[in-house]
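Coordinates in review
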Amino acid sequence: MDHIALLGLGTVGGGVAEILMKNRSDITAKTGLDIDIKHILDLRKFPDHPLGDRVTDDYNLILGDPEVTLVAEMMGGVHPAYEFTAEALRAKKSVVTSNKAVVAEYGVELLELAAENGVRYLFEASVGGGIPIIHSMTDSMYASDIYEIDGILNGTTNYILSAMKETGVSFDAALKDAQKLGYAEANPTEDVDGFDACRKICILAAMASGRLVYFRDVPTKGIREITTDDIKAASAKGGAIKLIAKALFKENGEIELSVAPEVVYPDNPLFNVNGVYNGVLVRGRNSGDLLFYGSGAGKLPTAGAVISDIIDILLHKNEMPAQKLWHK
Ligand code: HSE
């Protein structure tokens, strides 16, 4: 049996617990692994949750437990998630995360720390929710020679823009719905002002190039100023407004990143990416165009991506990380 700990029993953490309980025998049949959630770190109490007796507010209990070899961090926010991740890696526990804010800010350091300690740091769930984009980029695209990535990478804003177009609902009402559905960040400015999409395109560009560009250096514009009139005007021309995160890899080695709303037309494969769905168009000189599509946010899709990283690590315990280290 493999014992793991969850940091956070919110939307994603709750989804990981739910899937690992519900699909336990299926996962065992497919992988031979029997995964036990031994501890859950959360400041709240969960008296009615089936794993409520495993919830603790004492992180040292997890760090000091030699049976726990892997920690899944799903707390959100940069601090103390970064510090907790670093402490787990120093304690020679692998870490998987859905936390794009930590990966975008500290990915270089944390990958180095993982390598120094002979453990792994994986973050499939940090970009694209349930879409297996990080594994695809790290394992299957070495020879693609990527020159451009265009992504709809934020489910909340795509949900809002789609709802405004399809039902004429107001921006505020659509945002409230996205919050109710568990798509939005705790602070929705992260979504609507484009910062979440910005962090995600920085992570994808790093997977393609080996270089992590600081998100603060990326020109970023969100959808706050988009009105229903703008949406109607785009529709009248046969288009749709989408929040597009873009990475251009120049021949001279420069990387140009941006996030901004754009009018997209039906000849663009991202035109039909609606609602909470994300789409990523990866263009390579060798691979041609590749399109990834799936739920970009939400409990179970994101939790499934976290679990795929957990299984990857537990199945390949003695292998060193495949990721290259990034340079700023
Ligand atoms: N708030 C994010 C989104 C959650 O809407 O895409 C998934 O990263």
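Parameters and conventions
- Residues numbered from 1 in each chain as written.
- Predicted model: local features only at pLDDT ≥ 70, side-chain atom pairs only at ≥ 80, totals over all residues.
- Heavy atoms only, no water.
- Helix = DSSP H or I, 4+ residues; strand = E, 2+ residues; numbered from the N terminus.
- Polar contact = N/O pair within 3.5 Å; in protein donor to acceptor, adjacent residues only side chain to side chain.
- Pairing = 2+ DSSP bridges.
- Axes fitted to C-alpha atoms, helices over the stretch in contact; angles between N-to-C directions.
- Parallel < 35°, antiparallel > 145°, perpendicular 65-115°, else oblique.
- Left-handed = near helix turned anticlockwise from the far one by under 90°.
- Contact = heavy atoms within 4.5 Å.
- Near = heavy atom within 4 Å.
- Areas by Shrake-Rupley, 256 points an atom, 1.4 Å probe, with all protein chains shown as cover.
- Nonpolar A, V, L, I, M, F, W, Y, C, P; charged D, E, K, R; others polar.

To continue, consider the side chain of Asp42. For Asp42, the position within the fold is in the loop between β2 (35-41) and β3 (55-56). Within the structure, Asp42 has its side chain in polar contact with the backbone nitrogen of Leu9 (distance 2.9 Å). Polar side-chain contacts of Asp42 include one of 2.9 Å to the side chain of Arg44.

To continue, consider the sheet that holds strand β9 (residues 255-264). A sheet is described by the order of its strands in space; here five strands give the open sequence β9-β8-β7-β10-β11, paired in antiparallel fashion. Of all the strands in the sheet, the pair left with one neighbour each is β9 and β11 (288-295). Across the sheet, the mean angle from the axis of one strand to that of its neighbour is 15 degrees, orientation sign disregarded. Bridge count for strand β8 (residues 240-249) against β9 is ten bridges, and the pairing is antiparallel. Opposite Ile241, over in β9, you have Val263 as the bridge partner.

Let us now look at the packing of helix α5 (residues 100-116) against helix α10 (residues 195-209). Helices that pack against each other are described as a pair by the angle of their axes relative to one another and the distance between those axes. The geometry of α5 relative to α10 is characterised by a closest axis approach of 9 Å and an angle of 50 degrees between their N-to-C directions. In terms of orientation, α5 and α10 fall into the oblique class. In this structure, the crossing between α5 and α10 has a hand that is left-handed. The residues of α10 that touch α5, namely those facing Lys100, Ala101, Val103 and Ala104, are Asp196, Arg199, Lys200 and Ile203.

Here we take up the environment of Gly8. By the secondary structure assignment, Gly8 is in the loop between β1 (2-7) and α1 (11-22). Separated by 34 residues in the primary sequence, Gly8 and Asp42 have C-alpha atoms spaced 5.3 Å apart. Leave out the neighbours within four places in its chain, and Gly8 touches Gly13, Leu41, Asp42, Met74 and Met75.

With that settled, consider the site of the ligand. The environment of the ligand is made up of Lys100, Asn154, Gly155, Thr156, Tyr183, Ala184, Glu185, Asp191, Asp196, Lys200, Gly296 and Ala297. One of the side-chain nitrogen or oxygen atoms of Asn154 is found 3.5 Å away from an oxygen atom of the ligand. Within the side chain of Lys200, one N or O atom sits 2.8 Å away from an oxygen atom of the ligand. Isolated, the ligand exposes 250 Å² of accessible area, and the fraction of that covered by the protein chains is 92%. Sorting the residues of the shell around the ligand by element identifies α7 (155-167) and α10 as the ones contributing at least two each. In terms of residue class, the shell around the ligand is built from three nonpolar, four polar and five charged.

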